[in-house]
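# Residue-level structure breakdown
Listed below, chain by chain, are the residues.
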Amino acid sequence: MDSDGTFPMSAHPLPAALPASPELHIASLVVHASPRRLDEVRAAVLAVAGAEIHGASDMGKLVVTLEAPTTDEMMARISQIQRLDGVLASALVYQHADTLAAMNEEIDDGNGP
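Please read all numbers here as calculations on a predicted model, not as lab measurements. (Residues numbered from 1 in each chain as written. Predicted model: local features only at pLDDT ≥ 70, side-chain atom pairs only at ≥ 80, totals over all residues. Heavy atoms only, no water.)

### Let's talk about the overall build of the chain
- Helix and strand content of the chain: 3 helices and 4 strands.
- Contacts spanning at least 24 positions in sequence make up 66% of the contacts within the chain whose residues lie at least 6 apart.
- Total accessible area computed for the chain in this model is approximately 8200 Å², and 56% of it derives from carbon and sulfur atoms. (Helix = DSSP H or I, 4+ residues; strand = E, 2+ residues; numbered from the N terminus. Contact = heavy atoms within 4.5 Å. Areas by Shrake-Rupley, 256 points an atom, 1.4 Å probe, with all protein chains shown as cover.)

Take a look at the structure:
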């Protein structure tokens, strides 16, 4: 501490923040649509960037996965689906985020090459 009660400034600048590693965010949702509007809801969901439909029922339930590069993008896409005309409700079932490098790592499953 200096005589004036302050701490001396370091002659060494703080290290610059490292650039963030690219990420991949994956989520799955169950979307409940009005059965009368199922076809148009299905088309609208597929128009959302990173969305895929993996299953559907005649009662209006859709199993949807989403991919996005950031949390903010993921939340925007989920919100976009929730606001579609004909969507009655949606439920987030699963969410995962990791760096692209970690997502692309090979994992040894014990079965050899």
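### Side note on the pattern of salt bridges
- Scanning all chains against the criterion turns up 2 salt bridges.
- Here Glu-40 ties to Arg-37 by a salt bridge, and the two come within 2.7 Å at their closest N and O atoms. (Salt bridge = Lys/Arg side-chain N within 4 Å of Asp/Glu carboxyl O.)

### Thoughts on a nonpolar patch on the surface
- A surface patch of nonpolar side chains, about 340 Å² in accessible area, is lined by Val-30, Val-63, Val-93 and Tyr-94.
- Along the chain, the position of Tyr-94 falls in strand S4 (residues 87-99).
- Residue Tyr-94 is classed as partly exposed on the basis of its relative accessible area of 45%. (Patch = residues over 30% accessible without salt bridge, like charges linked within 9 Å, V, L, I, M, F, W, Y side chains within 5 Å. Buried < 20%, exposed > 50% of the residue type's maximum accessible area, 1.4 Å probe, protein only.)

### Quick look at the environment of Glu-52
- Counting through the fold element by element, Glu-52 comes out in strand S2 (residues 51-56).
- For the pair Glu-52 and Glu-67, spaced 15 residues apart in the sequence, the C-alpha separation amounts to 8.9 Å.
- Apart from residues lying up to four places away in sequence, Glu-52 is in contact with Leu-46, Val-63, Val-64 and Thr-65.

Nothing here speaks to function; it is geometry throughout.
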